[in-house]
Amino acid sequence: MKLVRDVLDKKLTDREKCEMGRVDGLLMRVGERSQPRITHIVIGGSTLWMRVHPALARLSVRLARIWGPRRTEPITIPWSRVESVGKDIRLDVKARDTGALDWELWIARHVIERIPGGGSEEEEE
Amino acid sequence: MKKILQLTLGIVTSVGGFLEIGSVATAAQAGALFGYKLLWAILLGTICLIFLVEMSGRLAAVSKHTIVEATRERFGFPFFSAVMLGMVLVAFLVLVAELGGIGLSLQILTGLGFRWWAVPVSLAVWLLMWKGTFSLIENGASLLGLVTVSFVVAAVKMHPEWGSVAHGLIPTVPGDQKAKYGFVAVSILGASISPYLMYFYSSGAIEDKWDTSYIPMNRIIAGFGMTFGGFLSMAVLIAAALAFQPRGISVEKFEQAALLMTPALTHWGFYLFALAMLFACLGAALEISLSIAYFFAQGLGWSWSEDLTPSRDSRFSFVYTAIILVAAVPLILGVDPMKVTMLSMALTAATLPLAIVPFLILMNDPSYLGGHRNGWISNSVVAIVILISFVLAVISIPLQIIGG
């Protein structure tokens, strides 16, 4: 498997096929004697923007502090949870429990559900 | 049977979805200023669009990826973010132009100024997306857009000299007003080759769950639909050439363009123009707002579908809601939609390489398309037209700014 070609930027889905973002970064452990190993998949604003420019990453952290679900740390998911790597990457997790849907739920609760006809995201669970 | 129905619907959709304020304004201006001389630009743009739309459908049918998804995965986020920035900015300007086009049409039909229409129009467009399903938007708006076929009726009734029309299909360089000629040619190319149409089409193919069995149908839809659409644009140019050029009227304002069909259809033509533009711009405004929301959602891996209730894909719904509200602001402030139109069409042409070059690379990547990847004909046609558009844009936009 080639990490950049087959893993990075691919779409992530949970065990119920719920879309939970893309692989925005990868955490690697480099030991002195052992081979480098991927330990975690990273999802989240600052990691993503860091790939473009560190200043954008700082900006995204600052914005996340004042608006939204107030999560400034990126979400990390252990590599052991990877179920399959195909067109998408399937994870053996429940998307809601990982924090990957924090923004989705926050916007649903604070904006969309307050507009008539927006529906309720919890009702339909 | 189901496929035949889809086929007809697909063709109708592309005919109805082709014309919008950009193609009408640029074609009308071209006809008024240069007679039939710029018909070649519509021909070139349409041929290129046929190939691009066919490719967009093929990519989705074979790889199950939309263009946006494949771009992010193949090229990574840093490059993707540059494409996204460019495409979203240009699409936003086009959205302002389309909303303005609806407002200007309503101004003709009701007498109330377009600025007053900015808020009701944005709300109406938003409500259609909020409540509607993908097929309602795709088919409904486009069926209404078929009123634009009246342009063909008007053009034929004005009895153009078909010999000179045919001459216009071959590019020529005019004696004077070279800069203006180049700028209008670029705007026509930008109006015909709209990247948002490709994003919308490939997202539609995924929403409709296309597989490789749809490849022949996709080819027919792209070919026939875009050809008819191109004919409609040409009809606008021909009618404008006959109605305006002999009298030396240039089309700077929407009300002037609305006189396009009056020689053939008298005062009915004036209102018919407004009605046709109302529906055409409405369809385009819906497609563009959705395309922008698709861009964010697909690029960042959010759930997206126009068929879900808004709270099920809240970030997707939030993007189109926000974008449509923001797009109303320049119109409330009284920015001239016709000026935005010409500017956004030229900018579309200038930014085409940003959208099309990575797309061509994808279309040649066996890991996405396997045996269905592009042949040399489609590669060269698209590459040549995009190169021409880009060179013309780089030369004529600065000249237009200095001259204008």
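Residues numbered from 1 in each chain as written. Chains lettered and ligands numbered in written order. Predicted model: local features only at pLDDT ≥ 70, side-chain atom pairs only at ≥ 80, totals over all residues.

A. Region of the structure containing the overall build of chain B. When helices and strands are tallied, chain B shows 17 helices and 0 strands. For chain B, the spread of C-alpha atoms along the three principal axes comes to 55 × 50 × 45 Å. The burial tally for chain B puts 57% of its 404 residues in the buried class. Within chain B, counting contacts between residues at least 6 apart in sequence, those at least 24 apart form 86% of the total. (Helix = DSSP H or I, 4+ residues; strand = E, 2+ residues; numbered from the N terminus. Buried ≥ 20, exposed ≤ 12 C-beta atoms within 10 Å, placed from the backbone. Contact = placed C-beta atoms within 7 Å.)

B. Expanded view of the interface of chain B and chain A. In this assembly, 21 residues from chain B lie in contact with 25 residues from chain A. Elements that contribute at least two residues to the side of chain B that touches chain A include exactly α4 (67-110), α5 (114-131) and α14 (314-332) of chain B. Among the residues making up the side of chain B that touches chain A, the classes are represented as 7 nonpolar, 8 polar and 6 charged. (Nonpolar A, V, L, I, M, F, W, Y, C, P; charged D, E, K, R; others polar.)

C. Up close: the sheet that holds strand β6 (residues 82-85) of chain A. All names here are of chain A. Taken in spatial order, the 4 strands of this open sheet run β2-β1-β7-β6, and their pairing is mixed. Across the chains shown, the open sheet's two edge strands, defined by having one partner strand only, are β2 (19-22) and β6. Here the strands of the sheet are splayed against their neighbours by 25 degrees on average, with no regard to which way each runs. (Pairing = 2+ DSSP bridges. Axes fitted to C-alpha atoms, helices over the stretch in contact; angles between N-to-C directions.)

D. Representation of the environment of A:Ile107 within the structure. Secondary-structure assignment places A:Ile107 in helix α5 (residues 102-110). Looking at A:Ile107, the number of C-beta atoms within 10 Å reads 24, which means it is buried. Sequence-wise, A:Ile107 and A:Pro74 are 33 residues apart; in three dimensions their C-alpha atoms are separated by 18 Å. Excluding residues within four positions of it along the chain, A:Ile107 makes contact with A:Ile112, B:Ser314, B:Arg315 and B:Phe318.

E. Representation of the sheet that holds strand β3 (residues 25-29) of chain A in the model. All names here are of chain A. Here we have 3 strands laid out as an open sheet, ordered β3-β4-β5, and antiparallel in their pairing. Of all the strands in the sheet, the pair left with one neighbour each is β3 and β5 (75-78). On average, adjacent strands in this sheet sit at an angle of 35 degrees to one another, irrespective of strand direction. Bridging between β3 and strand β4 (residues 37-43) involves 5 bridges; their strand directions are antiparallel. In the sheet register, Gly25 faces β4, and the bridge partner there is Val42.

F. Just α14(B), in detail. An ideal rise of 1.5 Å per residue puts 27 Å on 19 residues; α14(B) measures up with 27 Å between its terminal C-alpha atoms. Among the residues trailing α14(B), B:Gly334 stands out with phi positive, at a value near 90 degrees. (Expected span 1.5 Å × (residues − 1).)

G. Representation of the nonpolar core within the structure. Among the nonpolar cores identified, the biggest contains 159 residues, and B:Val236, B:Leu237, B:Ala239, B:Ala240 and B:Ala346 are the most heavily contacted of them. With 21 residues, helix α13 (residues 262-300) of chain B is the single largest residue contributor to this core. Not counting chain neighbours up to four residues away, the residues in contact with B:Val236 comprise B:Val24, B:Ala27, B:Ala28, B:Phe151 and B:Leu260. Counting residues in hydrophobic clusters, the runner-up holds 13 residues, among them A:Ile43, A:Ile89, A:Ala95 and A:Ala100. (Core = buried A, V, L, I, M, F, W, Y, C linked by C-beta atoms within 7 Å.)

H. Looking closely at the pairing of β6(A). All names here are of chain A. Pairing geometry for β6 and strand β7 (residues 89-91), over 3 bridges, is antiparallel. Directly across from Val82, in β7, lies its bridge partner Leu91. Where β6 hands over to β7, the hairpin turn is made up of 3 residues, counted between the paired strands.

I. Structural view of the pairing of β2(A). All names here are of chain A. Pairing of strand β1 (residues 11-13) with β2 involves 2 bridges; the strand directions are antiparallel. When the sheet's bridge partners are listed, Lys11 is paired in β2 with Arg22. Hairpin geometry of β1 and β2 is characterised by an intervening segment of 5 residues between the two adjacent antiparallel strands and by a positive phi of about 65 degrees at Lys17.

J. Layout of the packing of helix α2 (residues 21-34) of chain B against helix α15 (residues 337-363) of chain B. Residue and element names in this part refer to chain B. The contact between α2 and α15 brings their axes to 10 Å, and the two run at 95 degrees. Viewed along their axes, α2 and α15 adopt a mutual orientation that is roughly perpendicular. Only Met338, Thr341, Met342 and Met345 of α15 make contact with α2, whose side of the interface consists of Ile21, Gly22, Ala25 and Thr26. When the residues that make up the contact of α2 with α15 are grouped by side-chain class, the tally is 5 nonpolar, 3 polar and no charged. (Parallel < 35°, antiparallel > 145°, perpendicular 65-115°, else oblique.)

Shape descriptors only; they carry no functional weight alone.
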